[in-house]
Amino acid sequence: MESAKKLGSWLHARAENILAAMLLSMFVVFLLQVLFRYVLNISVDWTVEWVTLVWVWGILFGYAFVVKGTEVIRLDMVYYAVPRGWRRGFDIFGGLTIAAIFVFTLPAVWDYIDFMARERTAALRIPFNWVFSIYMLFAGAVIIRALVQVWDAVMGRGPHVHLPQDPESHDYD
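Here goes a summary of the coordinates provided. This structure is a prediction, so every number in the text was calculated from the model and none was measured.

## Examining the overall build of the protein
Turning to step 1, where the next piece is worked out: Of regular secondary structure, the protein possesses six helices and zero strands.
Turning to step 2, where the next piece is worked out: Reading the protein from its N end, one meets helices and strands in the order α-α-α-α-α-α.
Turning to step 3, where the next piece is worked out: Taken over the C-alpha trace, the protein has a radius of gyration of 20 Å; the compact-globule value for 173 residues is 16 Å, which it surpasses by more than 25%.
Turning to step 4, where the next piece is worked out: If you line up the protein on its principal axes, its C-alpha atoms span 60 × 40 × 40 Å.
Turning to step 5, where the next piece is worked out: Per-residue burial over the protein gives 26% buried out of 173 residues.
Turning to step 6, where the next piece is worked out: At a minimum sequence separation of 6, the contacts of the protein that also span at least 24 residues come to 72%.
Turning to step 7, where the next piece is worked out: Of the roughly 12,300 Å² of accessible surface on the protein, 70% is carried by carbon and sulfur atoms.
Turning to step 8, where the next piece is worked out: Of the side chains in the protein, 14 bear a positive and 15 a negative charge, and the two mean positions are spaced by 6 Å.

Right, here's the structure in full:
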């Protein structure tokens, strides 16, 4: 079990490295865009396309592999205002609803991604199915997180168990 935790920690660190590399590439390409456009007076389209594609990938990849379940934004004003049993019910209902919606949409999303193999991006000529493929990993991560939330609620674990000591402390953790 300890080796599995170490592997998970190592994989999480590598995912953070990949996300950091994405952000760095966006910054470097943005600087190149400024250089080409305002210093060399040359218009290049690929820089804008790269930043846009990496931004989309970064958000979806980041949620799928970097953001921890405890870091997900919740409507905790309402959540912590109700009794613990209600919070467990919210977790179960919310988790099952989210998982069901994402599972229901997976076939249509896959069809769309498969269909978009016919088209390419304007500047870099990347097939759009590659561009949109990150969404499948994102959807899988959302489904798994939602089901873990349900399992934790059923088992009596999760955010519904403990109230924060100071209602404002979560903003500064």
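Let us keep going from here.
## Section: the nonpolar core
Turning to step 1, where the next piece is worked out: Counting residues in hydrophobic clusters, the biggest one holds 14 residues, and the most contacted among them are L19, M22, F61, V66, F102 and F138.
Turning to step 2, where the next piece is worked out: Elements that contribute at least two residues to this core include exactly helix 1 (2–39), helix 2 (46–65) and helix 6 (134–155).
Turning to step 3, where the next piece is worked out: Setting aside anything within four residues of it in sequence, one finds F138 in contact with L60, Y63, A64 and F102.

## Describing helix 6
Turning to step 1, where the next piece is worked out: The terminal C-alpha atoms of helix 6 lie 32 Å apart, and with 22 residues this matches the ideal 32 Å at 1.5 Å per residue to within 8%.
Turning to step 2, where the next piece is worked out: Looking at helix 6, one finds that the buried residues are I134, F138, A139, A141, V142, I143, R145, A146, V150 and A153.
Turning to step 3, where the next piece is worked out: At its buried positions, helix 6 is contacted by helix 2, helix 4 (84–115) and helix 5 (128–132).

## Considering the packing of aromatic side chains
Turning to step 1, where the next piece is worked out: Per the counting criterion, the structure on display carries eight aromatic pairs.
Turning to step 2, where the next piece is worked out: Plain terms: the ring middles of F128 and F132 are 5.6 Å apart, the flat faces sit at 15 degrees to each other, and that makes the pair stacked. One end of the pair is F128 and the other is F132, both in helix 5 and four residues apart, which spans about a single turn.
Turning to step 3, where the next piece is worked out: Aromatic rings pair up to connect Y63, F102, Y135 and F138 into one cluster.
Turning to step 4, where the next piece is worked out: R145 extends its terminal NZ or CZ atom over the ring of Y63, reaching a point 4.4 Å from the ring centre.

## What to know about the pattern of salt bridges
Turning to step 1, where the next piece is worked out: One pass over the full model with this rule turns up one salt bridge.
Turning to step 2, where the next piece is worked out: For D152, the salt bridge is made with R157, and the minimal N-O distance between the two is 3.2 Å.
Turning to step 3, where the next piece is worked out: D152 sits in the partly exposed class, given a relative accessible area of 21%.
Turning to step 4, where the next piece is worked out: With relative accessibility at 40%, the residue R157 sits in the partly exposed group.

## Things to note about the packing of helix 1 against helix 2
Two numbers describe a pair of packed helices, the interaxial angle and the distance between the axes.
Turning to step 1, where the next piece is worked out: Packing of helix 1 against helix 2 brings their axes to within 9 Å, and their N-to-C directions diverge by 160 degrees. Classified by the angle between their axes, helix 1 and helix 2 sit roughly antiparallel to one another. In this structure, helix 1 meets helix 2 at a crossing whose hand is left-handed. Each of H12, A15, I18, L19, M22, S25, M26, V29, F30, L32 and Q33 in helix 1 lies in contact with helix 2, whose residues at this interface are W46, T47, V48, W50, V51, V54, W55, W57, G58, F61, G62 and F65.
Turning to step 2, where the next piece is worked out: Its residues placed into classes, the contact of helix 1 with helix 2 shows 17 nonpolar, six polar and no charged.

## Looking at unusual backbone geometry
Turning to step 1, where the next piece is worked out: We note that N41 has phi near 55 degrees; this positive angle belongs to a residue other than glycine.
Turning to step 2, where the next piece is worked out: Mapping N41 onto the fold places it in the loop between helix 1 and helix 2.
Turning to step 3, where the next piece is worked out: Take N41: its relative accessible area is 68%, and that puts it in the exposed class.
Turning to step 4, where the next piece is worked out: The phi torsion at R125 lies on the positive side, around 60 degrees, for a residue other than glycine.

Reading the values: rules and limits
Residues numbered from 1 in each chain as written. Predicted model: local features only at pLDDT ≥ 70, side-chain atom pairs only at ≥ 80, totals over all residues. Heavy atoms only, no water. Helix = DSSP H or I, 4+ residues; strand = E, 2+ residues; numbered from the N terminus. Rg over C-alpha atoms; globule rule 2.2 N^0.38 Å. Buried < 20%, exposed > 50% of the residue type's maximum accessible area, 1.4 Å probe, protein only. Contact = heavy atoms within 4.5 Å. Areas by Shrake-Rupley, 256 points an atom, 1.4 Å probe, with all protein chains shown as cover. Lys, Arg positive; Asp, Glu negative; His and termini not counted. Charge placed at Lys NZ, Arg CZ, Asp CG, Glu CD. Core = buried A, V, L, I, M, F, W, Y, C linked by side-chain atoms within 4.5 Å. Expected span 1.5 Å × (residues − 1). Phe/Tyr/Trp six-rings, centres within 6.5 Å; stacked < 30°, edge-to-face > 60°. Lys NZ or Arg CZ within 6 Å of the ring centre and 35° of its normal. Salt bridge = Lys/Arg side-chain N within 4 Å of Asp/Glu carboxyl O. Axes fitted to C-alpha atoms, helices over the stretch in contact; angles between N-to-C directions. Parallel < 35°, antiparallel > 145°, perpendicular 65-115°, else oblique. Left-handed = near helix turned anticlockwise from the far one by under 90°. Nonpolar A, V, L, I, M, F, W, Y, C, P; charged D, E, K, R; others polar.

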